[in-house]
Amino acid sequence: MTVSETPLSTPARRGLLLVMTGASGVGKGTLRERWLAGQDVFFSTSWTTREARPGEQDGVHYVFVSPDAFEEKAQANGFLEHAAFVGNRYGTPIEPIEAALSRGQDVVLEIEVEGAMQVKARVGEEAILIFIMPPSLTELRRRLEGRATETPERIEKRLARAREEIREAHEFRYVVVNDDLDRAVEELLAIQRAERARQLPEPEWTEADREARVRADHLRSYTFTDARLAQVTGE
Ligand code: 5GP
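What you see is a predicted model, and the numbers here were worked out from it, not measured in a lab.

Cut-off values and rules
Residues numbered from 1 in each chain as written. Predicted model: local features only at pLDDT ≥ 70, side-chain atom pairs only at ≥ 80, totals over all residues. Heavy atoms only, no water. Helix = DSSP H or I, 4+ residues; strand = E, 2+ residues; numbered from the N terminus. Salt bridge = Lys/Arg side-chain N within 4 Å of Asp/Glu carboxyl O. Pairing = 2+ DSSP bridges. Contact = heavy atoms within 4.5 Å. Axes fitted to C-alpha atoms, helices over the stretch in contact; angles between N-to-C directions.

S.K.: Could you give an account of the environment of Met133, with specific residues and numbers?
M.R.: Tracing the backbone through its elements, the reader meets Met133 in strand E8 (residues 127-133). Placed 83 residues apart in sequence, Met133 and Arg50 show a C-alpha to C-alpha distance of 25 Å.

Here it is, written out as structure tokens:
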């Protein structure tokens, strides 16, 4: 038997598809930067029809495209998901994601809730959906106002949308409350480690894997009670 005919003892691991979702202004971007720092993870760059904000670079923060170019790609089934959000369209190009997953690289998407639901419907269990919850809607308003890039009218629209999205949190696998950045980042790392461990037989788990599994279990969305939800929405 030549080397090339020798079966590999372990099949190549497929990357994890981690989908981070939640209201606009909840801090997904900051969390993601801290979470992924130093990791070889593929972060998907979305397409959008919205105007670039000052400091945003084409091809880095988003691929900024015309409504026609967006529609053309949508028609050609070039997106894993796409959604309209407060007057603009946003979409996740599918090809680079499949390539990364196949070569064993973890992939992270940072998208709004409707798109995350589409990923869930299309990909099923393989998608690890993480809902980032604001400490409260009052705090979310403060953060959106602090951004100073949005008009008061658009802030109201984003808040109204956030209220709807928060009610859908139970649709996702995990809920991470972004009230303390360090803790929220640790929780995201625990979820990622726990989900990786799930791909291995239990005897291969390390002590750290076991701890991550316990921690991740406490973040499952069904443990987030209606009472806690009411605290967030102020209802
Ligand atoms: P922003 O205009 O503030 O950059 O983004 C608005 C919302 O769209 C955010 O919640 C952001 O996470 C989400 N978003 C960014 N890219 C995508 C995408 O490719 N698909 C979907 N569905 N939402 C996205």
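S.K.: Lay out the pattern of salt bridges with the relevant residues and their values.
M.R.: Evaluated as defined, the whole model comprises 26 salt bridges. For Arg141, the salt bridge identified is with Glu145, shortest N-O distance 3.6 Å. Taken together, the residues Arg141 and Glu145, both in helix H5 (residues 137-147) and four residues apart, mark about one turn of the helix. A salt bridge links Asp209 to Arg193; the shortest N-O distance between them is 2.9 Å. Taken together, the positions of Asp209 in helix H8 (residues 207-217) and Arg193 in helix H7 (residues 181-198) put the pair 16 residues apart, joining distant regions of the chain.

S.K.: Outline the sheet that holds strand E4 (residues 63-64), listing residues and values.
M.R.: The strand order E4-E3-E6-E5 describes an open sheet built from four strands, whose pairing is mixed. In the strand order of this sheet, the two ends are held by E4 and strand E5 (79-85), each with one partner. Pairing of strand E3 (residues 47-48) with E4, which is carried by two bridges, proceeds in the parallel orientation. Bridge pairing in E4 links Thr48 to Phe64. Across the sheet, helix H2 (residues 67-75) lies against E3, E5 and strand E6 (88-93), angled at about 45° from E6, the strand it touches most.

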